Amino acid sequence: IMPGKKRKAEVVQENDPLPAENAQGGEVTSVEKKPKKPKKPLDARFGGKTEEEVMALFLPDHLKPNLDIVFIGINPGLYSAYLGHHYCNANNHFWPCLYESGLIPRQLTYWEDAQCMDYGLGFTNIVPRTTRSADELSRKEMKEWSKVMIERMKELKPLVACFNGKGIYEIFSGKKCEVGIQPDPLPDTDTAVYVMPSTSGRAATYPKRADKLKFFVELKQLRDNLRIKYGRPSFPLPTPTTTTSSGVDPVAGMVPEPDLSNAGSSTAVQR
């Protein structure tokens, strides 16, 4: 240090070695301890559960024999698994389109997804495992669970298997397709296949609800035609209810879903 000049203050972080001047008796005028990293907070999106805990949850199927339509997703996302209901993103157009197309006679929300079976509609996923993104699924996993899903459809005999998203059906079938009625039924079944564009509000090709409604209307027409073809009666209308097993008033509206990583996947539909 040059005579007559004041020495600049050293800043020493905790667990760092002292500088040579200090080791020789030089003065350290300021010492700043390295702050401890705060504990990782529990995720407020999931009621205090961590993502790892949510990924251990399973989204229940709603299926029974001889349904009119079974809606098929790829696998549960975090938010659906946490709430235990299908298509629960407030930005998803599934539930409004389902009612506006006439597929159900009254407006329902995701809290009442199990009640859709009263109207001949069911829900399942190709892979039951919950992930942050559909990209986390392996090809082997997809192939194995696709076989399981086909066997279930053979037993349950729905009129229509509706894949919610073009990318989902292309992964399932291993071939390119266009949205709408497919030329071939599910393998080894008489179940017709309908491919719906993704009902997500973030879908690039059909971003608006009005864009998707026409496909629901076409799906209803397919259902009605197949009912006549196979002589299946319409499902009797159940008595309307205003409460759900979750104890949440369905009229209160949908809970907004945060922008999870699943939204970035082209096959992430119900997530």
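Report on the accompanying structure. (Residues numbered from 1 in each chain as written. Predicted model: local features only at pLDDT ≥ 70, side-chain atom pairs only at ≥ 80, totals over all residues. Heavy atoms only, no water.)

In this section: the environment of Leu 59. Mapping Leu 59 onto the fold places it in the loop between helix H2 (51–55) and strand S3 (69–73). By relative accessible area, which is 7% here, Leu 59 ends up buried. (Helix = DSSP H or I, 4+ residues; strand = E, 2+ residues; numbered from the N terminus. Buried < 20%, exposed > 50% of the residue type's maximum accessible area, 1.4 Å probe, protein only.)

Quick look at the nonpolar core now. Residues Phe 71, Trp 95, Leu 98 and Leu 219 are the most contacted members of the largest nonpolar core, which totals 34 residues. Within the residue set of this core, elements represented by two or more residues are S3, helix H3 (78–83), helix H4 (94–100), strand S4 (121–125), strand S5 (160–164), strand S7 (192–196) and helix H7 (209–230). Among the elements that make up this core, the one with the highest residue count is H7 (5 residues). Counting 23 residues, the second largest nonpolar core, distinct from the first, contains Ile 74, Met 117, Cys 177 and Leu 186. (Core = buried A, V, L, I, M, F, W, Y, C linked by side-chain atoms within 4.5 Å.)

Moving on: the pairing of S4. Within S4, 5 of the 5 residues are buried, leaving the element largely enclosed by the surrounding structure. Burial of S4 is two-sided: the residues Leu 121, Phe 123 and Asn 125 facing one way and the residues Gly 122 and Thr 124 facing the other way are all buried.

A few words on the pattern of salt bridges. Under the defined criterion, the tally for this structure stands at 14 salt bridges. Residues Arg 227 and Asp 68 are paired through a salt bridge, measuring 2.5 Å at the closest nitrogen-oxygen approach. Of this pair, Arg 227 sits in helix H7 while Asp 68 sits in the loop between H2 and S3, placing them 159 residues apart in sequence. Exposure class is identical for Arg 227 and Asp 68. Each is buried. With a shortest N-O distance of 3.8 Å, Asp 184 and Lys 175 are connected by a salt bridge. Here Asp 184 falls in the partly exposed class, since its relative accessible area comes to 40%. Judged by its relative accessible area of 42%, Lys 175 falls in the partly exposed class. (Salt bridge = Lys/Arg side-chain N within 4 Å of Asp/Glu carboxyl O.)

If you trace the 5 strands from one edge of the open sheet to the other, you get S4-S3-S5-S7-S6, paired in mixed fashion. The sheet is open, and its two edges are formed by S4 and strand S6 (180–181), each paired on a single side. The sheet contact formed by S5 and S7 spans 5 bridges and is parallel. Following the sheet pairing, Phe 163 is matched in S7 by Val 195. (Pairing = 2+ DSSP bridges.)

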